[in-house]
Amino acid sequence: MTLAVTPDTQVDRSAGVTAPAGFRAAGVIAGIKPAGTPDLTVVVNDGPHDVAAGVFTTNKVKAAPVLWSQQVLTAGKLKAVVLNSGGANACTGPEGFQDTHKTAEKLAEVLGVGAAEIGVCSTGLIGERLPMSALIPGIDAAVEALGTAPEHGLAAATAVMTTDNVPKQAALRHPGGWSIGGFAKGAGMCAPNMATMLSVITTDAVLDQPHLDHALRNAVAKTFNRLDVDGGTSTNDTVLLLSSGASGVAVGPDEFEAALTTVAADLVKQLQADAEGVTKHVSITVQGAATEAEAVAAAKIVAEDNLCKTAFFASDPNWGRIAMAVGNAPTAFDPSLLDITLNGAPICVAGGKGVDRSAADLSGLEIDVVIDLHAGPASATVLTTDLSHAYVEENSAYSS
């Protein structure tokens, strides 16, 4: 059975990593966070397959868990993932890498598998060692709490939160008898090439590792890498995809990639909606670019421009700021052909004033920006948010 998966396909946000068969999950309070909130997640793949793929931050400063997970994934297999919030374990030197290794060894020991089959993720403040005296016994508690029910998936999504306000999860049950489910966290330090973001996605579909890896990279390029809250690419960004094969259904690569992209896109919309200080959900589409890469570059520079972002916050249809930002992009176009449309109003036409600014109503939550360069056939969309008082206050009042 073939399902034509579109962005409108129904995604179930009441389910997550435990929706596919073969997975157990838990989220517990280990005492890593001083506040005493959930801070340790474990996701276990019970098989029969243990195929896995991952995509990681492009930041040159990579956290110890990123280096570890990149290393173990060279084998293309994972039995389980352990994730902690409350500390990034980044810029912690050889001792920090040893802490990650000890974390993997502990979970491997409890599960009866090898440490090289364990992925590790961390999120939180950069530059501090993790409290291993809390983390290690927390793994015992998390394994004890493992389960397959929806509440176990929700607990897993909750325990990875840092400045997030709500947990983020999504699942898609294919009528062909297989499923994809996942969670994500991230609210700030979000830019293409991942966000301050951890995501674990599971599936019970049967795929070989090369196709799983290819599908993940394509899906990430179209979804997670098109979110740009503040231009900051984190040290810890990780997306892991695990396949149990428990459905017994072999799925075509294209069909799987379409479904995976749908789930990932929904997770990204949730990340955008819960971004730090957000009051506007902004979608920036650049069309008429010479190449998709140039379209992404132009959209990204508008998404990161503080003058544009403060105008969005003020509901101000200041198209001149958008024109200025696009003009700074490494994108070839003729400025005399530039069109800018805000929430359906052609406010800039052929490089000059279009309809009156009052025609562009930006007072609502959603702002849709369409920029036409008239320079080629390519297009791309980047999601961003506004720059609000709350964003500044949240990121200046405390370390996150």
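In the block above lies the structure referred to throughout.
Notes on the structure in this doc start here. What you see is a predicted model; the values in this text were computed from it and never measured.

The rules behind these values
- Residues numbered from 1 in each chain as written.
- Predicted model: local features only at pLDDT ≥ 70, side-chain atom pairs only at ≥ 80, totals over all residues.
- Heavy atoms only, no water.
- Axes fitted to C-alpha atoms, helices over the stretch in contact; angles between N-to-C directions.
- Helix = DSSP H or I, 4+ residues; strand = E, 2+ residues; numbered from the N terminus.
- Parallel < 35°, antiparallel > 145°, perpendicular 65-115°, else oblique.
- Left-handed = near helix turned anticlockwise from the far one by under 90°.
- Contact = heavy atoms within 4.5 Å.
- Nonpolar A, V, L, I, M, F, W, Y, C, P; charged D, E, K, R; others polar.
- Buried < 20%, exposed > 50% of the residue type's maximum accessible area, 1.4 Å probe, protein only.
- Core = buried A, V, L, I, M, F, W, Y, C linked by side-chain atoms within 4.5 Å.
- Pairing = 2+ DSSP bridges.
- Right-handed = clockwise from strand over helix to strand, strands pointing away.
- Salt bridge = Lys/Arg side-chain N within 4 Å of Asp/Glu carboxyl O.

1. Some details on the packing of helix α8 (residues 306-313) against helix α9 (residues 319-327)
Here is step 1: Relative to each other, α8 and α9 sit at 155°, their axes nearing to 9 Å. Judged by the angle between their axes, α8 and α9 are roughly antiparallel. Taken as a pair, α8 and α9 cross one another with a handedness that is left-handed. On the side of α8, the interface is formed by Leu307, Cys308, Thr310, Ala311 and Phe312, while α9 contributes Arg321, Ile322, Met324 and Ala325.
Here is step 2: Of the residues assigned to the contact of α8 with α9, the class counts are 7 nonpolar, 1 polar and 1 charged.

2. Points about the environment of Arg321
Here is step 1: Tracing the chain through its elements places Arg321 in helix α9.
Here is step 2: By relative accessible area, which is 25% here, Arg321 ends up partly exposed.
Here is step 3: Considering only alpha carbons, one finds Arg321 and Phe97, 224 residues apart in sequence, at a separation of 44 Å.
Here is step 4: Setting aside residues up to four positions removed in sequence, Arg321 forms contacts with Leu307, Cys308, Thr310 and Ala311.

3. Overview of the nonpolar core
Here is step 1: Counting residues in each nonpolar core, the largest one holds 47 residues, and the members touching the most others are Leu40 and Phe183.
Here is step 2: Trp178, Met197, Leu216 and Leu241 belong to the second largest nonpolar core, which has 32 residues in total.

4. Some points on the pairing of strand β4 (residues 80-85)
Here is step 1: Among the 6 residues in β4, 6 count as buried, and that is most of the element.
Here is step 2: Residues Ala80, Val82 and Asn84 point to one face of β4 and Val81, Leu83 and Ser85 to the other, with burial holding for every one of them.
Here is step 3: Judged from the 5 bridges that link them, strand β2 (residues 40-45) and β4 form a sheet pairing that is antiparallel. Within the sheet, the bridge partner assigned to Thr41 lies in β4 and is Leu83.
Here is step 4: Here 6 bridges tie β4 to strand β5 (residues 118-123), and the two strands are oriented parallel to one another. Counterpart to Ala80 in the pairing with β5 is Ile118.
Here is step 5: Taken together, β4, helix α2 (residues 93-111) and β5 constitute a β-α-β crossover, and its handedness is right-handed.

5. Re the pattern of salt bridges
Here is step 1: Counted under the stated rule, the structure contains 11 salt bridges.
Here is step 2: Residue Lys222 is joined to Glu257 by a salt bridge in which the shortest nitrogen-to-oxygen separation is 3.2 Å. Taken as a pair, Lys222 in helix α5 (residues 209-222) and Glu257 in helix α6 (residues 253-273) lie far apart in primary sequence, 35 residues in all.
Here is step 3: Classification of Glu257 as buried rests on a relative accessible area of 11%.
Here is step 4: Between Glu304 and Lys300 there is a salt bridge whose closest N-O contact spans 2.9 Å. Note that Glu304 and Lys300 are positioned in helix α7 (residues 292-304) at a spacing of 4 residues, about one turn of the helix.
Here is step 5: Looking at Glu304, the relative accessible area reads 27%, which means it is partly exposed.

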